[in-house]
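A structural walkthrough
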There are 6 protein chains.
Amino acid sequence: MQQNLETFLGCDNSYEESSIVIFGAPFDSTTSYRPGTRFASKKMRAESYGLETYSPSQDLDLEDESIKIFDAGDIELPFGDPTQALKMLENFSTEILEDKKIPLMIGGEHLVSLSGIRAAHKFFEDLSIVHFDAHTDLREEYLGVRFSHATVIRRAWDLLGDGKIFQFGIRSGLREEFQFAKEHTSLQKFDFTNLEKVFGKRVYLTIDLDVLDPSIFPGTGTPEPGGVSFLDLLKSALQVIQNCDVVACDLVELSPPYDPSGNSTAVALKILREMLLALSQK
Amino acid sequence: MQQNLETFLGCDNSYEESSIVIFGAPFDSTTSYRPGTRFASKKMRAESYGLETYSPSQDLDLEDESIKIFDAGDIELPFGDPTQALKMLENFSTEILEDKKIPLMIGGEHLVSLSGIRAAHKFFEDLSIVHFDAHTDLREEYLGVRFSHATVIRRAWDLLGDGKIFQFGIRSGLREEFQFAKEHTSLQKFDFTNLEKVFGKRVYLTIDLDVLDPSIFPGTGTPEPGGVSFLDLLKSALQVIQNCDVVACDLVELSPPYDPSGNSTAVALKILREMLLALSQK
Amino acid sequence: MQQNLETFLGCDNSYEESSIVIFGAPFDSTTSYRPGTRFASKKMRAESYGLETYSPSQDLDLEDESIKIFDAGDIELPFGDPTQALKMLENFSTEILEDKKIPLMIGGEHLVSLSGIRAAHKFFEDLSIVHFDAHTDLREEYLGVRFSHATVIRRAWDLLGDGKIFQFGIRSGLREEFQFAKEHTSLQKFDFTNLEKVFGKRVYLTIDLDVLDPSIFPGTGTPEPGGVSFLDLLKSALQVIQNCDVVACDLVELSPPYDPSGNSTAVALKILREMLLALSQK
Amino acid sequence: MQQNLETFLGCDNSYEESSIVIFGAPFDSTTSYRPGTRFASKKMRAESYGLETYSPSQDLDLEDESIKIFDAGDIELPFGDPTQALKMLENFSTEILEDKKIPLMIGGEHLVSLSGIRAAHKFFEDLSIVHFDAHTDLREEYLGVRFSHATVIRRAWDLLGDGKIFQFGIRSGLREEFQFAKEHTSLQKFDFTNLEKVFGKRVYLTIDLDVLDPSIFPGTGTPEPGGVSFLDLLKSALQVIQNCDVVACDLVELSPPYDPSGNSTAVALKILREMLLALSQK
Amino acid sequence: MQQNLETFLGCDNSYEESSIVIFGAPFDSTTSYRPGTRFASKKMRAESYGLETYSPSQDLDLEDESIKIFDAGDIELPFGDPTQALKMLENFSTEILEDKKIPLMIGGEHLVSLSGIRAAHKFFEDLSIVHFDAHTDLREEYLGVRFSHATVIRRAWDLLGDGKIFQFGIRSGLREEFQFAKEHTSLQKFDFTNLEKVFGKRVYLTIDLDVLDPSIFPGTGTPEPGGVSFLDLLKSALQVIQNCDVVACDLVELSPPYDPSGNSTAVALKILREMLLALSQK
Amino acid sequence: MQQNLETFLGCDNSYEESSIVIFGAPFDSTTSYRPGTRFASKKMRAESYGLETYSPSQDLDLEDESIKIFDAGDIELPFGDPTQALKMLENFSTEILEDKKIPLMIGGEHLVSLSGIRAAHKFFEDLSIVHFDAHTDLREEYLGVRFSHATVIRRAWDLLGDGKIFQFGIRSGLREEFQFAKEHTSLQKFDFTNLEKVFGKRVYLTIDLDVLDPSIFPGTGTPEPGGVSFLDLLKSALQVIQNCDVVACDLVELSPPYDPSGNSTAVALKILREMLLALSQK
């Protein structure tokens, strides 16, 4: 008899043979409004059995011989200590990148992305960030805290500087944040217009799922009406993967407590499946 | 004083005078992922009083003199015994068809459709199936079971053979199922393109409501993002009714436990009302 | 130390300096199907802190110096006595109008709008009503009751007469109501086509939020599939404010018990913010 | 084929042969805090199929030949018009009492009890009231309204006068109400001590289910911790039925929206079954 | 890096060294009223991390060196085919019993217990059943089906015969079932009186958690008010384990969809922990 | 017109005249299992209007002339920074204590109690702690974090030392924690036996509401079956207040997201009302 393994559907390969490594970052200590993203990776893993492994649009299957993905489970993180949590996550991504694999982190709140960006930047000095989100996340600090879901892209800018951050779908923030973006990042309000400007770059792709309209993605902490459609997000994510050198990525801000029907989890899983299939073709 | 009758809104005519007979098939024993469709017909009947009987788009009213519909209530079915349940449902539809009336069955899981298809096929050898769904439902077996929600259209094909099954809106399944469809059915991925190919046929119309996008129809067992809109489904259903000889039909896979706001029930009811009004004009 | 003030986000100015006055009308005694709108204003006030004060589309901020709004809290109303409740609300709006300010009432069920219409009509004889809704609300009576959510626009017509009522987005009602509308009001089915016909008028703007599609606005008592999108409603509401003389307005029929994810509240709040910003520019 | 009857489990006898008549009073317009009792009778009827007809403690079965109960369904009442609603309900009870049958009304809010008390008092001048409740319900008026869930027992006192009202389980109210009770009613705080004082009387028995502790009965509008146990309530209700001449009774204040697990409905149904069985032995 | 293991808290030993084997039987196809027990084992495993491994009452810890438990995960069962599901589960228990270990099965609906009883009876001819439940489960058939949650103890009697079945806590069933029990089983109504009569026997212990009062255990398909307390059940289960030769056991009928606060899952887990600790001392 | 004040029911006095000051500490960043206590104070304040101000058991009323309580609202705290949050809360309590008033803090997670203990200890060197809880909270660290809900009483011991901490109702923890308690605190397992040992002391009273059984208090992050009853807790809390010199106190760990019926909030409010009335008599 075997012990009980639990992996994302179709992600049951060994670490050595895999080119992509998924892991969960169940952390939401800095979430100021409605917590719950800590439950995302566990819920997604459990619900992934409601999904098929085959994609009719890409005509690829997670069970195809050539597709090898490893699920490393969730990292146990210290609630209430964001500095330490970021450090642990950065170390984890670093280990994966050292082995020439692509880390795909499942949040958790958006702050966790900073760990992946830091890790990737150590390996790739020319790293750019492609950022899909409803919110600017460009505050200098939030409630007196410098490391927060609301400041994460600003902290990334501290590291990467001007001209490296490309934001899409943004529809909420302070006036100061939009002004900061005008000078220091490339910010596309409301949608994915001019996405092709990132093609060809070496990229960390971070997808805050609240970029979606709340009608299709209710399960998030800070819903922001007027968002993009499921098909728009899916198409744009695949375009980035197919036209850039994506070295690491994440999917954050699914909050299962605000998803009573489970449909937001289904949305996150379908985007994850399509991303994995596209990444595996690189 | 009278005993307490409970019927779908406006479906309180006598059996004899009615041309359409609605009934519930509260069965979901083979549902593998999330059960609950057994509650659909009862919930729809109870909530139908939140709907108006009048349709502003068709300018018809369920209370118009010329429109006569009978609600036969729900059939009590043996949970855990799909073979027997199908038999009981088939007998019920057969009785209605013998009386030259149109049976409209409210599921339950999609397997129940097989009962109606079998009954209709006894009367109409040239029967075609028009199948709206997110899923192919073409498996040869599922978890070792041949009669299942995931195999129902395959079982229909066993009966009807090639060239008789027309599938629309399909966006999920095994690679083998899509390959089977290429050889044996007409399968339209994602939408209702080329719906007119079914016009003029004698038709069993089966609508798995998960063909809708989960944003408008969260209340179903296996949500599949990227679906059709409410207006697309409504228009397509009415086109089939208005342009084909629909001899029997069903509406399946509403699952009230996953519909906390009740909106999926409202969607199912509005589609039901419009279908009843259109069917009554034949 | 200060006592605990609770206002809508950014609406913490003094009454004297403000040009707009928000208040809640927590009343739903005549709701026949699913009650709950009584909780709307309190829930919106509490959740308003999840919203930003800045609007990227209007480039205005509720905290801008020039924008002054007063939140008067909720009026305590006698449940079960609609006549008295309407009287109390009418008096409250009257007081605001006397001070040359714009009352913006948060329902509550749609019946509360009648109080604002009565108050505004006392000041403006040429008053027109712009009515966004899924339902006609033109019944002469409902379950034997003349003052009801289902009769509110008919009662307004009793007061204003022909040619003064402009209805948009309507998709549900009795056949008689649509016939009444043909003779006595201007009714646009399903959408906002020809909205410009109201431009230039002196207007009471009443928005029943169930005009929205239930996918984006599940949290309402009588969901009606096939509705308008969030962006359509937002654009239309702003066009009315920018092109008419809006003397009073309301936002009604949010029902928090049917909004488990809180997204309907977020939708209502974002529309409220945009309306306040636009009204403050007059 | 037969039309769809829906009755409380085992209450499907004809009116003529029955000695007890159940009916629903789906009204909650004066509920000031959390509405929802309007859904109680419909929910109870639907869920009654999860209950057995046999009582192991009384060794009686609702299907026994000698037990005849008629379910008259729900009365359609005008929301927002308590005066008219009470009139309609009083007429209904009167009709049952004229036929020498026992009316058992399912609320709705507690105000509906006044209709039954008025009807019974017309037939029985010596009528007493046995009142199980967490709340005194003795206010002279509530929010300016004289006919309200919070005043119902005071209105009964207006009719019956001193010495006729026996209250048990009371643990909440204004100081004035407790003072009023000292002079005009018999009020037992917290439990059923001295219940035998009512034995032998002709009685209207009104059970506000919030007399139960919220642990076993969460589904009510105004939960009041520190209540009686299920077995205490059951025993006390049966003692009243077995030792008094109960001429009419009711069961009120189940609020299904606050009963997510359905257990409060199960509690109400089991108490109803036991009461019906005991009443049928008189 | 390691693949993601998921076990019940503290049950992560190897099969070989373990004396107890836990596994899930996620099956509820014959559930007639409210399904959902299929989710119990998965939910319990996930939530077990909210529990401590240490028991202050037994002063034992699941992490003590001497306590070795293996979690075999869930068996994938064919929904809609109870006969085949029972066969697969029987084979699984047989394998464990052959290795001289104690199987502890987590249901699923009560029917799954039959598999364990059959397996244990092959090894132990003198097997008795200790049955804690709200329901008799002694029907000869249910809705025409012989293998059902409502017939499971009757099927066990078919196998074991008179004098072998000891039922406690029973408070619901048909009159015929209670009569059958008088002749063929030992049935204690309502509580655990005379539990000592089973001491010394070789026992299959089956605990239907709905024996608990719904106040403490709302999360079950068929709630039955008037049940035993948590401490009564715990004490009785431990007494059976400590005073009998328990060769196999199960814990069934937790239904997570009816447990919105998660407390029923916590109850099931705490009983499981205490049972495991007590079993490990044999 | 007045701005919208929102206070706990009956706590609307001025700061100066009040002897008790309530405030909320909406913080749960270190909660490791299920967050949500951040919402407690806001929810309690909003729901307090469902409660009466009068206590039939104490025959006191929050509106009595002699009872003066000030509600200071909620303190805005930096999520993700427990050290800073504790500092801010300590300063707030210190200010109240300086003015010779009793601070009553509404959590939030249990860590917040440390702020009040620190503040009180500055004024009262002989301070003891009376601690009602299901959990020991005596860990040296938790997931590498020293300031956590699971370590709070250990941190208090760091400050106060042996012989000053009195724990009641405890039924969960590590074996090490129970061993620590044997040497350093007075720990009563499961109930309030020997409560009188604290009488006469100068006391900080901290009530973790999860000491209650989950049947009556489901709304908490870490439910622990087998707890005390509502009446036991109420009686014990009042005994401490009446027999000790309570200089500060708190009520923590209500988590509204796990309280779908609102009853846990009602329990917390009723305990709060009784505590306030008893404290006001000192």
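Before going into details, it helps to say that this report is about the structure given with it. For clarity, every value in this text was computed on a predicted model and none was experimentally measured. (Residues numbered from 1 in each chain as written. Chains lettered and ligands numbered in written order. Predicted model: local features only at pLDDT ≥ 70, side-chain atom pairs only at ≥ 80, totals over all residues. Heavy atoms only, no water.)

The interface is formed by 22 residues belonging to chain D together with 21 residues belonging to chain B. At the boundary of chain D with chain B, total buried surface from both sides reaches about 1,800 Å², with 58% on carbon and sulfur atoms. For the chain D face of the interface with chain B, the top three residues by lost area are Met1, Gln3 and Asn4 of chain D, together amounting to 44%. Between the two partners, chain D and chain B, sit zero salt bridges. (Contact = heavy atoms within 4.5 Å. Buried area = accessible area lost by both parts, 1.4 Å probe. Salt bridge = Lys/Arg side-chain N within 4 Å of Asp/Glu carboxyl O.)

Expressed as a screw transformation, the operator carrying chain F onto chain D has a rotation angle of 120° and an axial translation of 0.0 Å, and the superposed copies differ by an RMSD of 0.0 Å. Seen this way, the second copy is the image of the first under a three-fold rotation axis. For chain F, the minimum C-alpha distance to the rotation axis belongs to Ser215 of chain F and amounts to 3.0 Å. A share of only 10% of the interface residues of chain F reappears at the interface of chain D, consistent with the copies meeting through non-equivalent patches. (Least-squares fit on C-alpha atoms with pLDDT ≥ 70 in both.)

The next point concerns helix α5 (residues 175–184) of chain A. The complete set of buried residues in α5 of chain A reads Glu177, Phe178, Phe180, Ala181 and His184 of chain A. Buried residues of α5 of chain A fall within an arc of 155° about the axis and therefore sit on the same side. Away from its buried face, by an angle of more than 90 degrees, α5 of chain A presents the exposed residues Glu176, Lys182 and Glu183 of chain A. As for α5 of chain A, its buried residues are in contact with α4 (152–160), β7 (165–170) and β8 (186–189) of chain A together with β2 (54–55) of chain C. (Buried < 20%, exposed > 50% of the residue type's maximum accessible area, 1.4 Å probe, protein only. Helix = DSSP H or I, 4+ residues; strand = E, 2+ residues; numbered from the N terminus. Arc of directions from axis to C-beta.)

Residues and elements named next belong to chain C. Counting buried positions along strand β4 (residues 69–74) gives five out of six residues, so the element sits mostly inside the fold. Bridging between strand β1 (residues 20–25) and β4 involves four bridges; their strand directions are parallel. Looking across to β4, one finds that Val21 is bridged to Phe70. (Pairing = 2+ DSSP bridges.)

Okay, the sheet that holds strand β4 (residues 69–74) of chain A next. What links the strands of a sheet is backbone hydrogen bonding, and the strands pair in either a parallel or an antiparallel sense. Residue and element names in this part refer to chain A. Across the sheet, eight strands lie side by side as β4-β1-β5-β10-β9-β6-β7-β8; this open sheet has parallel pairing. Two strands bound the open sheet, and with one partner strand each, they are β4 and β8. Each strand axis lies, on average, 15° off the axis of its neighbour in the sheet, ignoring direction. Looking at chain direction, strand β9 (residues 202–208) and strand β10 (residues 245–252) are connected through seven bridges and run parallel. (Axes fitted to C-alpha atoms, helices over the stretch in contact; angles between N-to-C directions.)

What follows covers the relation of the copies chain D and chain B. Turning chain D through 180° and shifting it by 0.0 Å along the axis lays it on chain B, with an RMSD of 0.0 Å. Classification of the inter-copy transformation places it as that of a two-fold axis. When C-alpha distances to the rotation axis are compared across chain D, the minimum falls at Leu5 of chain D, with a value of 2.2 Å. Here 95% of the interface residues in chain D have copies in chain B that are interface residues too; the copies meet face to matching face.

This part covers unusual backbone geometry. Following Gly107 of chain A, the chain continues to Gly108 of chain A via a peptide bond in cis, the omega torsion being 10°. In this structure, Glu253 of chain C is a non-glycine residue whose phi angle is positive, near 80°. Locating Glu253 of chain C in the fold gives a position in the loop between β10 (245–252) and α7 (263–279).

Contact with chain F, which involves 21 residues of that partner, is made by 22 residues of chain D. Interface of chain F and chain D: buried area, both sides summed, is about 1,800 Å²; carbon and sulfur atoms make up 54% of it. Where chain F meets chain D, there are four salt bridges. Two residues, Lys270 of chain F and Glu224 of chain D, come together in a salt bridge whose shortest N-O distance is 2.8 Å. Counting across the interface, chain F meets chain D through nine residue pairs in polar contact (both at pLDDT 80 or more). (Polar contact = N/O pair within 3.5 Å; in protein donor to acceptor, adjacent residues only side chain to side chain.)

Let us now look at the packing of aromatic side chains. Going through the model one piece at a time under the given rule, you end up with 54 aromatic pairs over all chains. Ring geometry for Phe123 of chain C against Phe124 of chain C: centres 6.4 Å apart, planes inclined by 40°, an arrangement best described as tilted. We classify Phe123 of chain C as partly exposed; its relative accessible area is 33%. Above the face of the Phe180 of chain F ring, Arg154 of chain F is positioned so that its terminal group lies 3.9 Å from the ring centre. Positioned over the ring face of Phe147 of chain F is Arg155 of chain F, at 6.0 Å from the centre of the ring. (Phe/Tyr/Trp six-rings, centres within 6.5 Å; stacked < 30°, edge-to-face > 60°. Lys NZ or Arg CZ within 6 Å of the ring centre and 35° of its normal.)

Take Asn263 of chain E: it is sitting in helix α7 (residues 263–279). Here Asn263 of chain E is in contact with Arg34, Pro214, Pro218 and Pro223 of chain F, once residues within four sequence places are set aside.

Residues and elements named next belong to chain F. Close contact between helix α3 (residues 113–123) and helix α4 (residues 152–160) brings their axes to 10 Å; oriented N to C, the two are set at 15°. The angle between α3 and α4 falls in the class roughly parallel. When the axes of α3 and α4 are compared, the crossing they make is right-handed. Residues Ser113, Leu114, Ile117, Arg118 and His121 of α3 lie in contact with α4, whose contacting residues are Val152, Arg155, Ala156, Leu159 and Leu160. Each residue belonging to the contact of α3 with α4 can be placed in one class, and the counts come to six nonpolar, two polar and two charged. (Parallel < 35°, antiparallel > 145°, perpendicular 65-115°, else oblique. Left-handed = near helix turned anticlockwise from the far one by under 90°. Nonpolar A, V, L, I, M, F, W, Y, C, P; charged D, E, K, R; others polar.)

Before going further, it helps to examine the pattern of salt bridges. One pass over the structure, following the stated rule, counts 114 salt bridges over all chains. The partner of Glu90 of chain D in a salt bridge is Lys122 of chain D, with the nearest N and O atoms 3.1 Å apart. One end of the pair, Glu90 of chain D, is in helix α2 (residues 82–98); the other, Lys122 of chain D, is in helix α3 (residues 113–123), with 32 residues separating them in the sequence. Relative accessible area serves as the criterion here: at 9%, Glu90 of chain D is assigned to the buried category. For Asp59 of chain E, the salt bridge identified is with Arg175 of chain F, shortest N-O distance 3.5 Å. Placement of Asp59 of chain E in the loop between β2 (54–55) and β3 (60–61) and of Arg175 of chain F in helix α5 (residues 175–184) is noted, with the two residues assigned to different chains. Residue class for Asp59 of chain E comes out partly exposed when judged on its relative accessible area of 43%. The partly exposed category is assigned to Arg175 of chain F, whose relative accessible area is 22%.

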